[in-house]
Protein chains: 2
Amino acid sequence: MTTDSWINETLYPDWGQRFLVKRELARVRSEFQDIVIFESFSHGRVMVLDGAIQITEADEFVYQEMLAHVPLLAHGAAETVLIIGAGDGGVLRRVLQHRGVKRAVMVEIDGEVIRLSKQFLPAIGGDAWSDPRAEVIVGDGIDYVRRAADASFDAIIVDSTDPIGVGEVLFTDEFYGNCARILSPRGLVVNQCGVPAMQADELRDTSLRRARFFPHVTAYVAAVPTYVGGFMTLGWSAKDATLTQVPAAEIRRRAEAAGILGTTRYWTPEIHTGAFHLPPYIRTHLPAA
Amino acid sequence: MTTDSWINETLYPDWGQRFLVKRELARVRSEFQDIVIFESFSHGRVMVLDGAIQITEADEFVYQEMLAHVPLLAHGAAETVLIIGAGDGGVLRRVLQHRGVKRAVMVEIDGEVIRLSKQFLPAIGGDAWSDPRAEVIVGDGIDYVRRAADASFDAIIVDSTDPIGVGEVLFTDEFYGNCARILSPRGLVVNQCGVPAMQADELRDTSLRRARFFPHVTAYVAAVPTYVGGFMTLGWSAKDATLTQVPAAEIRRRAEAAGILGTTRYWTPEIHTGAFHLPPYIRTHLPAA
């Protein structure tokens, strides 16, 4: 890679985004995937896994805030959180912002993603890596949930790649079944479900699958600049159907108590509650539609 | 242009989207701009003006619904509507869906955009072109508002390109001053303000300018897949500050009466009210912040 060349995202065969590259920082073939980190002109540093943009310094806050704060504040009293994937550390950092969280276990299969993120994207994980409440495991998420004790987590956050390649097992019956088993009675799972304008199958198929194990399955939306294609969906699987109905005023109260209010750049109590109102073009892909 | 080549959007110097082209349908240099229409593999037909993606068949509904239905239903009794730009006819079609609209004037400066849209994107304007309530003028929007009578419109919808090139005059003091003059007492203007993650100046500068002529200036958001970069903002300038406060239940009632409910793929009453709740990273660019 020479200076000032373009990197094209290869997620879709016929449409994509491209970045002008200022400087390539790392290019590694790990045991699991191709990892590229570069400095862009437009978005700060950018991490790419198997050709798909994963995170940029400029807009990571959107995805991380919505993936971490929405489930934790909807639950309202989450003390134990399991994070699958998210090797950059950004979700872990947001989860640990919550005063009530006593233990956050992060299971990332690819140690190279963690190593390179600490080296080249240190602000994204920040102090979370050394927080005494954090337990960072390099290992297999599907194996972890298989072995975990019943009712041992209040929330599970799945920050996987798309359901192809290394992330595929995180969309299986076995995985969701174990998630349901290891969650406490008010527990819930959120997982990234792609951009429906381009990947509607992903939302439809995983929602149907999750509905086999959870009585309440829906999704919520976030407009992430570099997950291009309009809204991305975050899947929601819960035992308790009331979690999505908490009014904005109560979410605000919880966020204040948790130490979150005023720290965010995308999330607000009103955006939290509004995110569950899906446009018809997205809602049509959910089982209840 | 050969078959199966890529078209790169050139809106930004260092980041952009690209489309694999199935077939080029038109390439015209009009009096005002370069116009390209092509058939994509991913988004149906696509229109490009001066290198910037303007509309695709696959996702036009997001932008058109939010640009037309939100102001008309927030107003609640709009009978006369002025549309500036929007030569593809999609906004005109949505405006004329409203039973209460008696007259819709559309002023598009570039007759070639209208001609090519009718020829290659006929579904976007649909029957609107021949609706007896429609008056389609090929002309200069800034000149039209200069000559229009006081208080002659209830809503003005500005579907311009970005504030460079041909669209620049639609962001001036003179234009906004005349808009304020020709609006009825509860009247309002909406105008596209770009994607703040990439074009924050556009939202900030035009909001400050609009605030000189309107007591209530804000913005609302829409996640348009091919206006890449997360939320785009639609500027809101009104004489009456209560228009953005109408509850979803009342918006639903109005949409039912207007014949809009159930016809949309993005807009819903809840998305309407939620769209005024801005993420902090966007709100910070507005005068009131």
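See the structure shown above.
Procedures and definitions
- Residues numbered from 1 in each chain as written.
- Chains lettered and ligands numbered in written order.
- Predicted model: local features only at pLDDT ≥ 70, side-chain atom pairs only at ≥ 80, totals over all residues.
- Heavy atoms only, no water.
- Helix = DSSP H or I, 4+ residues; strand = E, 2+ residues; numbered from the N terminus.
- Rg over C-alpha atoms; globule rule 2.2 N^0.38 Å.
- Contact = heavy atoms within 4.5 Å.
- Areas by Shrake-Rupley, 256 points an atom, 1.4 Å probe, with all protein chains shown as cover.
- Axes fitted to C-alpha atoms, helices over the stretch in contact; angles between N-to-C directions.
- Parallel < 35°, antiparallel > 145°, perpendicular 65-115°, else oblique.
- Left-handed = near helix turned anticlockwise from the far one by under 90°.
- Nonpolar A, V, L, I, M, F, W, Y, C, P; charged D, E, K, R; others polar.
- Buried area = accessible area lost by both parts, 1.4 Å probe.
- Salt bridge = Lys/Arg side-chain N within 4 Å of Asp/Glu carboxyl O.
- Polar contact = N/O pair within 3.5 Å; in protein donor to acceptor, adjacent residues only side chain to side chain.
- Least-squares fit on C-alpha atoms with pLDDT ≥ 70 in both.
- Pairing = 2+ DSSP bridges.
- 1 Å grid on protein atoms, 1.4 Å probe; cavity = no way out; pocket = protein on both sides within 12 Å on 5 of 7 lines; lining within 4 Å.
- Points joined across faces, edges and corners; volume = space filled by probe spheres on them.
- Buried < 20%, exposed > 50% of the residue type's maximum accessible area, 1.4 Å probe, protein only.
- Disulfide = S-S within 2.5 Å.

Student: I'm lost on the overall build of chain A in this one. Help?
Tutor: When you go through chain A residue by residue, the secondary structure sums to 10 helices and 12 strands. Its C-alpha atoms give chain A a radius of gyration of 18 Å, near enough to 19 Å, the size a compact globule of 289 residues would have. On the principal axes, the C-alpha backbone points of chain A span a range of 55 × 45 × 40 Å. Sequence-distant contacts in chain A: of pairs separated by 6 or more residues, those separated by 24 or more amount to 67%. Carbon together with sulfur atoms contributes 50% to the accessible area of chain A, which is approximately 10,400 Å² in total.

Student: Would you take a moment to explain the packing of helix α1 (residues 60-75) of chain B against helix α2 (residues 90-97) of chain B for this structure?
Tutor: Each pair of packed helices can be summarised by the angle the axes make with each other and by the distance between the axes. Residues and elements named next belong to chain B. It is the contact of α1 with α2, at a shortest axis distance of 9 Å, that shows an interaxial angle of 45°. Regarding the angle of α1 to α2, the classification is oblique. For α1 against α2, the interelement crossing comes out right-handed. Contact with α1, carried on its side by Glu60, Phe61, Gln64, Glu65, Leu67, Ala68, His69 and Leu72, involves Gly90, Val91, Arg93, Arg94, Val95 and Gln97 of α2 and no other residues of that element. Of the residues that constitute the contact of α1 with α2, the class distribution is 6 nonpolar, 4 polar and 4 charged.

Student: Even after reading the chapter, I still don't get the interface of chain A and chain B, so can you show me in this structure?
Tutor: Interface size is commonly expressed as the accessible area that is lost once the parts come together. On the side of chain B, 38 residues touch chain A, which itself brings 38 residues to the contact. Here chain A and chain B share an interface that buries about 2,900 Å² over both sides, 67% of which is from carbon and sulfur atoms. The largest contributions to the chain A side of the interface with chain B come from Asp14, Trp15 and Arg18 of chain A, which together make up 22% of the buried area. At the surface where chain A touches chain B, the tally comes to 0 salt bridges. Linking chain A with chain B are 10 residue pairs in polar contact (both at pLDDT 80 or more), by the criterion used here. If you list the elements that add at least two residues to the side of chain A that touches chain B, you get β1 (6-8), β2 (15-29), α7 (196-210), α9 (269-274) and α10 (280-283) of chain A. Of the residues forming the side of chain A that touches chain B, the biggest block, 6 residues, is contributed by β2 of chain A. Each residue belonging to the side of chain A that touches chain B can be placed in one class, and the counts come to 21 nonpolar, 11 polar and 6 charged.

Student: How should I be thinking about the relation of the copies chain A and chain B in this particular structure?
Tutor: Comparison of the two chain copies shows a relationship of rotation about an axis with a shift along it. Rotating chain A by 180° about the axis while translating it 0.0 Å along that axis superimposes it on chain B, leaving an RMSD of 0.0 Å. Between the two chains, the operation in question is that of a two-fold axis. Judged by C-alpha distance, glutamine 17 of chain A is the residue of chain A that lies nearest the rotation axis, at 2.1 Å.

Student: Which parts of the structure should I look at to understand the sheet that holds strand β10 (residues 183-192) of chain A?
Tutor: As a general point, the strands of a sheet are linked pairwise by backbone hydrogen bonds and lie either parallel or antiparallel. Residue and element names in this part refer to chain A. Ordered by their spatial adjacency, 7 strands build an open sheet running β8-β7-β6-β9-β10-β12-β11, and the pairing between neighbours is mixed. At either margin of the open sheet sits one strand with a lone partner, and together these are β8 (134-138) and β11 (216-222). Each neighbouring strand pair of the sheet contributes to a mean axis angle of 15°, computed without reference to strand direction. Where strand β9 (residues 153-159) and β10 come together, 5 bridges link them in parallel fashion. Note that in β10 the partner of isoleucine 156 across the bridge is valine 189. Strands β6 (80-85), β9 and β10 of the sheet are contacted by helix α6 (residues 173-182), whose axis makes an angle of about 145° with β10.

Student: How should I be thinking about the side chain of threonine 244 of chain A in this particular structure?
Tutor: Residue and element names in this part refer to chain A. Here threonine 244 lies in the loop between β12 (232-238) and α8 (248-258). One polar contact links threonine 244 to glutamine 245, side chain to side chain, over a distance of 3.1 Å. Threonine 244 has contacts with His216, Thr218, Trp236 and Phe276, leaving out every residue within four places of it along the chain.

Student: Any chance you could explain empty space enclosed by the protein here in plain terms?
Tutor: By rolling a water-sized probe across the atoms, one finds the places where empty space is left. Tallying each qualifying case throughout the model produces 4 cavities of 30 Å³ or more. Of the pockets and cavities examined, the largest cavity occupies roughly 250 Å³. For the largest cavity, the lining is made up of 18 residues, of which Phe231 and Gly274 of chain A together with Phe231, Gly274 and Ala275 of chain B are closest to its centre. Looking at the lining of the largest cavity, the elements that each hand over two or more residues are α9 of chain A together with α9 (269-274) of chain B.

Student: Honestly, the environment of histidine 69 of chain A in this entry has me stumped. Any pointers?
Tutor: All names here are of chain A. Secondary-structure assignment places histidine 69 in helix α1 (residues 60-75). Accessibility expressed as a relative area gives 0% for histidine 69, which makes it buried. Along the backbone, histidine 69 and alanine 255 are 186 residues apart, and their C-alpha atoms lie at a distance of 8.5 Å. Every residue in contact with histidine 69, bar those within four places of it in the chain, is listed here: Gln64, Ala74, Arg94, Gln97, His98, Ile260, Thr264, Trp267 and His272.

Student: Looking at this model, I keep getting lost on the pattern of salt bridges. Mind explaining?
Tutor: Any two side chains of opposite charge can pair, so long as their charged atoms come close to each other. All names here are of chain B. Enumeration according to the criterion identifies 38 salt bridges over all chains in this entry. Here arginine 103 ties to glutamate 135 by a salt bridge, and the two come within 3.1 Å at their closest N and O atoms. In this pair, arginine 103 is assigned in strand β7 (residues 103-108) and glutamate 135 in strand β8 (residues 134-138), connecting sequence segments 32 residues apart. The class for glutamate 135 is partly exposed, based on a relative accessible area of 33%.

Student: Would you explain the environment of aspartate 205 of chain B in this entry?
Tutor: All names here are of chain B. Relative to the elements of secondary structure, aspartate 205 occurs in helix α7 (residues 196-210). According to the relative accessible area criterion, aspartate 205 is partly exposed, its value standing at 47%. In the structure, aspartate 205 is positioned 34 residues away from phenylalanine 171 in sequence and 9.1 Å away in space, judged by C-alpha atoms.

Student: Please clarify how the sheet that holds strand β11 (residues 216-222) of chain B should be interpreted in this entry.
Tutor: All names here are of chain B. Taken in spatial order, the 7 strands line up as β8-β7-β6-β9-β10-β12-β11 in an open sheet, and their pairing is mixed. The open sheet has two edge strands with one neighbour each: β8 and β11. Averaged over all adjacent pairs, the angle separating strand axes in this sheet is 15°, with direction ignored. Pairing geometry for strand β10 (residues 183-192) and strand β12 (residues 232-238), over 5 bridges, is antiparallel. Its bridge partner lying in β12, valine 189 is registered against serine 237.

Student: Which parts of the structure should I look at to understand the state of the cysteines?
Tutor: Working definition of a disulfide: a covalent bond connecting the sulfur atoms of two cysteines. Residue and element names in this part refer to chain A. Across all of its chains, the model carries 0 disulfides over all chains by this definition. Counting only cysteine sulfurs, cysteine 179 is the nearest neighbor of cysteine 193, a cysteine outside any disulfide, at a range of 13 Å. Accessibility expressed as a relative area gives 0% for cysteine 193, which makes it buried.

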